[in-house]
Structures are given as structure tokens and as C-alpha cells.
Amino acid sequence: MAYIKCQNLSVGYAGETLIENINFEVHEHDYLCIVGENGVGKSTLMKTLLGLVDKKEGNVEFGKNINRKEVGYLPQQTALQKDFPATVMEVVLSGNLSKIALRPFYRKKEKERALLEMKKLKINSLASRSYRELSGGQQQRVLLARALCATEKILFLDEPTTGLDPQVTKEFYDMLKELNKKGMAIIMVSHDIKNALNYATHILHLEQENDFFGTVEEYKKSNVSNMFLGGVAND
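The notes below deal with the structure included here. (Residues numbered from 1 in each chain as written. Predicted model: local features only at pLDDT ≥ 70, side-chain atom pairs only at ≥ 80, totals over all residues. Heavy atoms only, no water.)

## Structural notes on the packing of helix H6 (residues 136-149) against helix H7 (residues 166-181)
Now for step 1: In the contact formed by H6 and H7, the axes pass within 10 Å of each other and the chain directions differ by 15 degrees. Between H6 and H7, the crossing angle belongs to the class labelled roughly parallel. For the pair H6 and H7, the sense of crossing is right-handed. Each of Gly 137, Gln 140, Arg 141, Leu 144 and Leu 148 in H6 lies in contact with H7, whose residues at this interface are Val 168, Glu 171, Phe 172, Met 175, Leu 176 and Leu 179.
Now for step 2: For the contact of H6 with H7, the residue count by class is seven nonpolar, two polar and two charged. (Axes fitted to C-alpha atoms, helices over the stretch in contact; angles between N-to-C directions. Helix = DSSP H or I, 4+ residues; strand = E, 2+ residues; numbered from the N terminus. Parallel < 35°, antiparallel > 145°, perpendicular 65-115°, else oblique. Left-handed = near helix turned anticlockwise from the far one by under 90°. Contact = heavy atoms within 4.5 Å. Nonpolar A, V, L, I, M, F, W, Y, C, P; charged D, E, K, R; others polar.)

Given below as C-alpha cells:
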């Protein structure tokens with residue numbers, strides 16, 4: 001069964017509809033990149049899937065084995081968030097908030113999970129460092145570790161490599177690919193179409209009345225891809 005299934009979904013905000021009647025599914029091991037021009041509604045779609053924005057029409061169905069409150073989410077960072085006055089450990093631990101309910105403290109298993117995810121991403125030595133003193137690449141690793149504390153099955157990322165240099169961007173994409181190989185489903189909004197084609201398994205291209213959903217290979221052969229990338233459309 002699909003982790004997420006969207007049927008005839010329309011999304012928008014403030015009375016405006018940005019995307020209409022899109023259909024797609026995400027399964028275990030899928031790595032879906034959502035691409036398209038600026039302002040087409042990519043981030044709004046992601047927030048709708050997460051329940052942060054109400055859908056206009058259609059259905060968003062999560063699989064029976066997926067708890068909507070237990071998905072990992074790495075949103076776009078604001079300037080204020082980059083200057084957040086907390087330690088790395090405190091930021092990563094906050095990924096467990098959905099699990100502690102009204103309990104005012106973290107248990108041993110939640111602290112162990114935070115340390116495990118930091119070790120996986122090679123930032124455990126930064127645990128006591130101030131988050132705002134880190135480099136952009138280090139901050140993204142911290143936020144990824146935080147998101148992973150919340151989930152073992154599905155990870156949402158919104159433009160996660162914005163502002164990162166090419167080497168750090170490659171390292172970040174490589175980390176995501178390893179997570180995906182181990183079974184983590186990934187849904188990522190991206191403006192970086194070239195890297196999306198190199199790492200993703202599926203593409204959702206939002207283009208007003210010419211949307212596309214399919215595998216990367218299908219996308220490369222599509223008219224939508226050729227028009228967007230400036231190539232020659234296939235017959």
C-alpha cells in the first residue's frame with residue numbers, strides 16, 4: 001500500500017487555487033522530487049500534504065502504517081531560525097516532540113535516538129555547540145537529524161540545499177540517497193532539477209495545465225521535461 005496517495009488534489013491559500021487535480025503516489029524506497037517554476041505552488045503542496053495548509057479539493061490518503069504526526073520535515077530556514085539560540089543537542093531532541101505529548105521532559109530512549117541520528121550524520125561531536133555558530137552545511141545536518149528523530153519511514157524536505165556551496169550540496173544529497181536506499185521514502189521540493197534527475201526515482205513537475213508525474217526516465221523523455229530544460233520536445 002502507498003505511504004501517501006493523492007487523488008484529484010487541488011491546493012492553494014487565501015482563496016487562491018495554485019494547483020488543480022493532481023494525482024500521485026509515494027511508496028517505500030521512493031525518492032520524489034517536486035519541481036517547477038517559482039510560485040507554482042510547490043511549497044504549498046508540501047504543506048498541504050503535512051496538514052499545515054487545508055486542501056481545496058480532492059484527497060490526501062496516508063497508508064495505514066503511516067502516522068501523519070510521525071513524519072520528518074525539514075522546512076526552508078528563515079534568518080531567524082538560523083540564529084536560534086540553542087545547542088545542537090536541544091535542536092535535534094526537539095524532533096521527538098510529537099512523541100512526548102504533554103510530558104515536560106525527554107526520556108532516555110529519546111535522548112539515545114537523538115545521539116544515534118547525530119552519529120549517523122557525523123555531528124555527534126557538535127552536540128554541545130550553539131546551533132547559530134555552525135556553518136550552513138552543519139546546520140542542515142542538524143535539522144536533518146532532528147527530522148529523522150520524528151520518523152523511520154518518510155521524510156519531507158523543502159529546498160534543503162538553498163544557500164549551500166556545491167560540495168556541501170553534494171554531500172547532503174548523498175546522505176539523502178543513503179537514507180533512501182535503506183527504505184526511507186523522500187519527498188523533496190527542489191529548484192535544482194539537475195541534481196533531482198541524478199538522485200530521485202520519481203518527478204512531480206507542476207506546470208499549471210501541463211503537470212507530470214512519473215519515473216525519472218519517463219520524465220527525461222517527456223515534453224514537459226524538454227520544455228522546462230530548454231531542450232527539443234520529443235515526438
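## Considerations on the layout of surface pockets
Here the idea is plain: a probe the size of a water molecule rolls over the atoms and shows the empty space left.
Now for step 1: By volume, the largest pocket amounts to about 620 Å³.
Now for step 2: Around the largest pocket sit 23 residues that line it, and Tyr 73, Pro 75, Ser 94, Gly 95 and Arg 146 are the ones nearest its centre.
Now for step 3: Counting residues per element, the ones that place at least two in the lining of the largest pocket are strand E5 (72-74), helix H4 (97-100) and H6.
Now for step 4: For the lining of the largest pocket, the class distribution of residues is 13 nonpolar, seven polar and three charged. (1 Å grid on protein atoms, 1.4 Å probe; cavity = no way out; pocket = protein on both sides within 12 Å on 5 of 7 lines; lining within 4 Å. Points joined across faces, edges and corners; volume = space filled by probe spheres on them.)

## Notes on the packing of aromatic side chains
Now for step 1: One pass over the full model with this rule turns up three aromatic pairs.
Now for step 2: Here Phe 24 and Phe 213 contribute two aromatic rings whose centre-to-centre distance is 6.0 Å and whose plane-to-plane angle is 50 degrees, an arrangement assigned as tilted. Highlighted residues: Phe 24 in strand E2 (residues 16-26) and Phe 213 in strand E9 (residues 212-215), separated in sequence by 189 residues.
Now for step 3: We classify Phe 24 as buried; its relative accessible area is 2%.
Now for step 4: Assessed through its relative accessible area of 31%, Phe 213 is described here as partly exposed.
Now for step 5: Each ring, one from Tyr 173 and one from Tyr 199, has its centre 5.1 Å from the other, and the planes form 20 degrees; the classification is stacked. Residue Tyr 173 is located in helix H7, and its partner Tyr 199 is located in helix H8 (residues 193-199); the two are separated by 26 residues in the primary sequence. (Phe/Tyr/Trp six-rings, centres within 6.5 Å; stacked < 30°, edge-to-face > 60°. Buried < 20%, exposed > 50% of the residue type's maximum accessible area, 1.4 Å probe, protein only.)

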